[in-house]
2 protein chains.
Amino acid sequence: MHIEFRPIGIIHSPYPDPAGVPIQGILAKNVRGSVEVFPEFGEALADLDGFSHIILIYFFHRSSGFAQKCRPFLDTRERGVFATRAPRRPNPIGISIVGLLGMHACRMDIDSLDIVDGTPLLDIKPYVPDFDMRDAVRTGWYATAANKGQTVSDSRFVTGESGRGR
Amino acid sequence: MHIEFRPIGIIHSPYPDPAGVPIQGILAKNVRGSVEVFPEFGEALADLDGFSHIILIYFFHRSSGFAQKCRPFLDTRERGVFATRAPRRPNPIGISIVGLLGMHACRMDIDSLDIVDGTPLLDIKPYVPDFDMRDAVRTGWYATAANKGQTVSDSRFVTGESGRGR
């Protein structure tokens, strides 16, 4: 079974390359950029302007291949890729919660961007705390991760230096 | 540009059809099911067992077509589809935060399932409150939605009765 998607737009950010991008949006306060949605999907953006935060779902187009395990930016040990947010995944899908600062027809001003410039956008969903926040959460390796001070990415997932990929 | 994904596994739930599924996982406490990841991706599940909550990314395989606008389950008015979580999207991608109760090789016991049985799984990510929780959030139409008491879906997105689809 193959599932085919197509971009609904493009994400514009200050980061031309995967190295140097904030590791998570929460570490990217005041990193501004924009999302350009193709005009054919313009009507579907109605009512989005009432939401202060949106979820972007996108294609990690600068990641190559896939590794079962990788060393996350925040840790010193290899972890199963599904226990990380790393981009070299079987299906290279990224999700980011970003701030929606304003809308101008099909262009949105965005805050807290942790995404490479030119990334193909697949979907947008509203962020709703009632749906998206969970209490009493255990966070495995992340809870005691050794490199939590690291805030930006490097090129490890571009060159494939980490992990046993195909 | 076309982007091709393939399932990494299958989601098993008590819901054979889209009608009657809890609208969100948060409304599906104690709805148990399982996720079966194909053995070729088994190594990538390492370290996931430390997380109490995971994010499932999946293909809305029972949704047909796409509408620019739709009437969400929780509201009485039509909204732009990107301002909703409805399944009839340009790229029918769903995300759910679920409880991870246990792991048995490539099979995971899951809680809080708001997903139709047999749904193709595309990706798994760990839920990390540091990354995934946002304060001071405005939630647009949802804040005053008229049907917030509704907890389960109906068949509107299967039959296409709502929205101006192509």
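Model, not experiment: these values are computed from the prediction. (Residues numbered from 1 in each chain as written. Chains lettered and ligands numbered in written order. Predicted model: local features only at pLDDT ≥ 70, side-chain atom pairs only at ≥ 80, totals over all residues.)

**Comments concerning the overall build of chain A**
- In terms of regular secondary structure, chain A is built from three helices and nine strands.
- Relative to its length of 166 residues, chain A is compact, with a C-alpha radius of gyration of 16 Å against a globular reference of 15 Å.
- Across the 166 residues of chain A, 49% fall into the buried class.
- Restricting to contacts in chain A with at least 6 residues of sequence separation, those with at least 24 account for 78%. (Helix = DSSP H or I, 4+ residues; strand = E, 2+ residues; numbered from the N terminus. Rg over C-alpha atoms; globule rule 2.2 N^0.38 Å. Buried ≥ 20, exposed ≤ 12 C-beta atoms within 10 Å, placed from the backbone. Contact = placed C-beta atoms within 7 Å.)

**Brief notes about the relation of the copies chain A and chain B**
- With an RMSD of 0.0 Å, the operation that places chain A on chain B is a rotation of 180 degrees combined with a shift of 0.0 Å along the axis. Here the symmetry operator amounts to a two-fold rotation axis. Measuring from the rotation axis to each C-alpha of chain A, the shortest distance belongs to E4(A), at 2.3 Å.
- Interface residue correspondence from chain A to chain B reaches 100%, placing this contact among same-surface, isologous pairings. (Least-squares fit on C-alpha atoms with pLDDT ≥ 70 in both.)

**Brief notes about the sheet that holds strand 4 (residues 53-59) of chain A**
Residue and element names in this part refer to chain A.
- Spatially, 2-3-8-7-4-9 is the arrangement adopted by the six strands of the closed barrel, whose pairing is antiparallel. Averaged over all pairs of adjacent strands, the angle between their axes in this sheet comes to 45 degrees, without regard to strand direction.
- Judged from the four bridges that link them, strand 2 (residues 9-12) and strand 3 (residues 33-37) form a sheet pairing that is antiparallel. Bridge pairing in strand 3 places I11 opposite V35. (Pairing = 2+ DSSP bridges. Axes fitted to C-alpha atoms, helices over the stretch in contact; angles between N-to-C directions.)

**Observations regarding the nonpolar core**
- Grouped together as the largest cluster of nonpolar side chains are 96 residues, with contacts concentrated most on L56(A) and L56(B).
- When near neighbours in sequence (up to four residues on either side) are disregarded, L56(A) contacts I11(A), V35(A), S96(A), V98(A), L121(A) and I124(A). (Core = buried A, V, L, I, M, F, W, Y, C linked by C-beta atoms within 7 Å.)

**Things to note about the sheet that holds strand 2 (residues 9-12) of chain B**
All names here are of chain B.
- What the six strands build is a closed barrel, ordered 2-3-8-7-4-9; its pairing is antiparallel. Taking each pair of neighbouring strands and ignoring which way they run, the sheet shows an average axis angle of 45 degrees.
- As judged from the three bridges shared by strand 2 and strand 9 (residues 119-126), these two strands associate in the antiparallel manner. Note that in strand 9 the partner of G9 across the bridge is L121.

**Looking at the confidence of the model for chain A**
All names here are of chain A.
- Mean pLDDT over chain A: 91, with 95% of residues reaching 70 or higher.
- Within the model, the stretch residues 160-166 combines pLDDT values under 50 with 22 contacts to residues more than four positions away or in other chains.
- As scored by the predictor, the complex reaches a pTM of 0.93 and an ipTM of 0.92. (pLDDT = per-residue confidence, 0-100.)

**Remarks on the interface of chain A and chain B**
- The interface is formed by 57 residues belonging to chain A together with 57 residues belonging to chain B.
- For the side of chain A that touches chain B, the secondary structure elements donating two or more residues are strand 1 (3-5), strand 4, strand 6 (79-80), strand 7 (93-104), strand 9 (119-126), helix 1 (129-132) and helix 2 (140-143) of chain A.
- The biggest single contributor to the side of chain A that touches chain B is strand 9 of chain A, with six residues.
- Split by residue class, the side of chain A that touches chain B holds 33 nonpolar, ten polar and 14 charged.
- The sheet contact formed by strand 1 of chain A and strand 1 (residues 3-5) of chain B spans three bridges and is antiparallel. Among the inter-strand pairings, F5(A) is bridged to a residue of strand 1 of chain B, identified as I3(B). (Nonpolar A, V, L, I, M, F, W, Y, C, P; charged D, E, K, R; others polar.)

**Thoughts on the environment of R6(B)**
- Note on placement: R6(B) falls in the loop between strand 1 and strand 2.
- Those residues in contact with R6(B) that sit more than four places away from it in its chain are M1(A), H2(A) and I3(A).

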